[in-house]
Amino acid sequence: MAQASSRLALLALSVAAFAIGTTEFVIMGLLPEVAADLKVSIPSAGLLVSGYALGVAAGAPVLAALTARMERRNALLLLLGLFILGNALCAVAPNYGVLMVARVVAAFCHGSFFGIGAVVASHLVPRGQAARAIALMFTGLTLANVLGVPFGTFLGQWAGWRATFMAVTGLGVVAAIAVWRLVPASPGLPSPHMGRELRVLRQPQVLLALAMTVLGFGGVFTVFTYIAPILQQVSQVSAGATGWVLILFGVGTTVGNMLGGRLADWRLMPSLSGVLVVLSLVMLAFAWTMHSTVAAIVTVFVWGVAAFATVAPLQMRVVQQASEGPHLASTLNIAAFNLGNAMGAFIGGAMIDLGLGLPSVSVAGAVVTLLGLLVTLISAALERRRAEASSVCVAGA
């Protein structure tokens, strides 16, 4: 019975993650439509991705502090209310400026929701299964790429991009009901002590883990922000077929997310390093394979697997290193994901504005992720050195 209720609670968190992931990612599939309707350039429309990501980064610490003394389920419901409000504003935004503000409002809940949700998820399962529980919650995020983004893209192309945000608002309502009914009010978690939570941010390994997330995942959005123009202009995929390619990417992210959870529970740092190597190589290869329709589609699937195989390990690394105050660190790591997204979208747009062409965006993404790999290797080396020093002290004693 307890196991069944835990699975239902994780399912509710996954439903909410699906709604949040859909609103975060669907804008990529609708960039041409939004740009044309609001009469802005593609790079300017791409800044809606950066605006959302910066809203996550800014909102995460603020809402973490404001909800620190709240019971965890009530905090999650408050955050989903903010999500619903922001997306309703997106649906009725009359111009680019209002849409940007609405995206930021919707984004404010994102970091705290996933940060609190990851900690709740890890406490709903037995010891040794935390990364898989986190991965299960994030399955909603990956399913957003399989179902939410493609069908949101189809809906936006058929009925207008505003209809997509209306649908996402409805998803938010469903998610709030699921969390209210299925997530236990007190899953054995005390309210976080903000002084202790802030102190863990002084630890070098926690800061390195956050940097790993910014750079390691930031390379993904350097490319993914502009995936619709890449597929349509370089790979010669029709606008109507773009959604189907995004479904394939989403299938890859789902596979990668579950794979990443298992790898993180097995051997966290070696697995993460290996995945970042593969991710960098795939994005580098995409600069060439995007010129062939078939090769581009195959690469997009493999890229989806590699990209989301990093998510659970990166989140688990922060929770592991900030074990004395995981709530704020976990929330800030979600902000770090989105800071990387904002940075990536900006870098990709800059490559386009400089006239270097869409293939250069993929090369830039590979370079950003390689920097994340470098930080990961430094973190692992420091951890080994500390372990060796501790063993020498024990032997000497």
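Details of the structure are given in the entry above.
Here is what the cut-offs are and how they apply
- Residues numbered from 1 in each chain as written.
- Predicted model: local features only at pLDDT ≥ 70, side-chain atom pairs only at ≥ 80, totals over all residues.
- Heavy atoms only, no water.
- Phe/Tyr/Trp six-rings, centres within 6.5 Å; stacked < 30°, edge-to-face > 60°.
- Helix = DSSP H or I, 4+ residues; strand = E, 2+ residues; numbered from the N terminus.
- Buried < 20%, exposed > 50% of the residue type's maximum accessible area, 1.4 Å probe, protein only.
- Patch = residues over 30% accessible without salt bridge, like charges linked within 9 Å, V, L, I, M, F, W, Y side chains within 5 Å.
- Areas by Shrake-Rupley, 256 points an atom, 1.4 Å probe, with all protein chains shown as cover.
- Salt bridge = Lys/Arg side-chain N within 4 Å of Asp/Glu carboxyl O.
- Arc of directions from axis to C-beta.
- Expected span 1.5 Å × (residues − 1).
- Polar contact = N/O pair within 3.5 Å; in protein donor to acceptor, adjacent residues only side chain to side chain.
- Core = buried A, V, L, I, M, F, W, Y, C linked by side-chain atoms within 4.5 Å.
- Domains from an automatic or database assignment.
- 1 Å grid on protein atoms, 1.4 Å probe; cavity = no way out; pocket = protein on both sides within 12 Å on 5 of 7 lines; lining within 4 Å.
- Points joined across faces, edges and corners; volume = space filled by probe spheres on them.
- Nonpolar A, V, L, I, M, F, W, Y, C, P; charged D, E, K, R; others polar.
- Contact = heavy atoms within 4.5 Å.

Novice: Tell me what's going on with the packing of aromatic side chains, and back it up with residues and numbers.
Specialist: Counted under the stated rule, the structure contains 12 aromatic pairs. Summarising the aromatic geometry, the rings of Phe217 and Phe221 are spaced 6.1 Å apart at their centres and angled 40° between planes, so their arrangement reads as tilted. Here Phe217 and its partner Phe221 are both found in helix 9 (residues 204-224), four residues apart, which amounts to about one turn of the helix. Residue Phe217 shares its accessibility class with Phe221, and that shared class is buried. Ring centres of Phe217 and Phe337 lie 5.2 Å apart, and the angle between their planes is 85°; this geometry places the pair in the edge-to-face category. Of this pair, Phe217 sits in helix 9 while Phe337 sits in helix 15 (residues 326-353), and the two are 120 residues apart along the sequence. Grouping residues by exposure puts Phe217 and Phe337 together as buried.

Novice: Now, about a nonpolar patch on the surface: what can you tell me, with residues and values included?
Specialist: Taken together, Val277, Leu281, Leu284, Trp288, Val363, Val367, Leu371, Leu374, Ile378 and Leu382 make up a surface patch of nonpolar side chains, about 880 Å² in accessible area. Within the residue set of the nonpolar patch, elements represented by two or more residues are helix 12 (268-289) and helix 16 (358-396). Among the elements that take part in the nonpolar patch, helix 16 stands out by supplying six residues, more than any other. The residue Trp288 is located in helix 12 in this model. The exposed category is assigned to Trp288, whose relative accessible area is 60%.

Novice: With reference to specific residues and values, describe helix 2 (residues 31-38).
Specialist: Of the residues making up helix 2, those classed as buried are Leu31, Val34, Ala35 and Leu38. Viewed end-on, helix 2 has its buried residues packed into an arc of 100°, placing them on one side of the element.

Novice: Summarise helix 5 (residues 96-123); cite the residues concerned and give the values.
Specialist: Taking 1.5 Å of rise per residue, 28 residues should cover 40 Å, and helix 5 covers 41 Å from first to last C-alpha, within 8% of that figure. A large share of helix 5 lies buried, amounting to 20 of its 28 residues. The distance from a side-chain oxygen at the start of helix 5 to the backbone nitrogen of Gly97 is 3.2 Å, and the residue carrying that oxygen is Asn95.

Novice: An account of unusual backbone geometry is requested, with residue identities and associated values reported.
Specialist: Despite not being glycine, Lys39 shows a phi value in the positive range, around 60°. Within the secondary structure, Lys39 sits in the loop between helix 2 and helix 3 (42-66). Since its relative accessible area comes to 73%, Lys39 is described here as exposed. Its identity is not glycine, yet Gln236 carries a phi of approximately 60°, on the positive side. Residue Gln236 is classed as exposed on the basis of its relative accessible area of 59%.

Novice: So what's going on with the nonpolar core? Which residues, and what values?
Specialist: Membership of the largest hydrophobic core comes to 108 residues, with the highest contact counts inside it found for Leu13, Phe224, Ile227 and Trp303. Both of domain 1 (1-191) and domain 2 (199-396) provide at least three residues apiece to this core. Formed by 12 residues, the second largest nonpolar core is a distinct cluster that contains Val206, Ala209, Leu210 and Val318.

Novice: Let's hear about empty space enclosed by the protein: which residues, and what values?
Specialist: With the rule as written, the count across this model stands at two cavities of 30 Å³ or more. Here the largest cavity defines a volume of roughly 110 Å³. What lines the largest cavity is a set of 13 residues, and nearest its centre among them are Glu24, His110, Phe138, Leu141 and Phe337. For the lining of the largest cavity, the secondary structure elements donating two or more residues are helix 1 (2-29), helix 5, helix 6 (130-159) and helix 15. It is helix 15 that contributes the most residues to the lining of the largest cavity, four residues altogether. A breakdown of the residues in the lining of the largest cavity according to their chemical character gives nine nonpolar, three polar and one charged.

Novice: Would you mind going over the environment of Ile42 in detail, with residue names and values included?
Specialist: In this fold, Ile42 is placed in helix 3. Classification of Ile42 by relative accessible area gives partly exposed; the value is 23%. Between the alpha carbons of Ile42 and Asp353 there is a distance of 10.0 Å; along the sequence they are 311 residues apart. Leaving out residues up to four positions away in the same chain, Ile42 has contacts with Leu31, Pro32, Ala35, Tyr226 and Pro229.

Novice: Explain the pattern of salt bridges to me, using residue names and the numbers behind them.
Specialist: Working definition: two side chains of opposite charge can pair if their charged atoms are close together. Under the definition given, this model contains two salt bridges. For Glu383, the salt bridge is made with Arg317, and the minimal N-O distance between the two is 3.2 Å. Here Glu383, found in helix 16, pairs with Arg317, found in helix 14 (residues 311-321); they are 66 residues apart in sequence, far enough to count as distant. The exposure class assigned to Arg317 is buried, which follows from its relative accessible area of 1%.

Novice: Can you lay out the side chain of Ser271 for me, pointing to particular residues and giving the numbers?
Specialist: Note on placement: Ser271 falls in helix 12. Take Ser271: its relative accessible area is 9%, and that puts it in the buried class. Those residues in contact with Ser271, other than ones at most four positions away along the chain, are Leu263 and Trp266.

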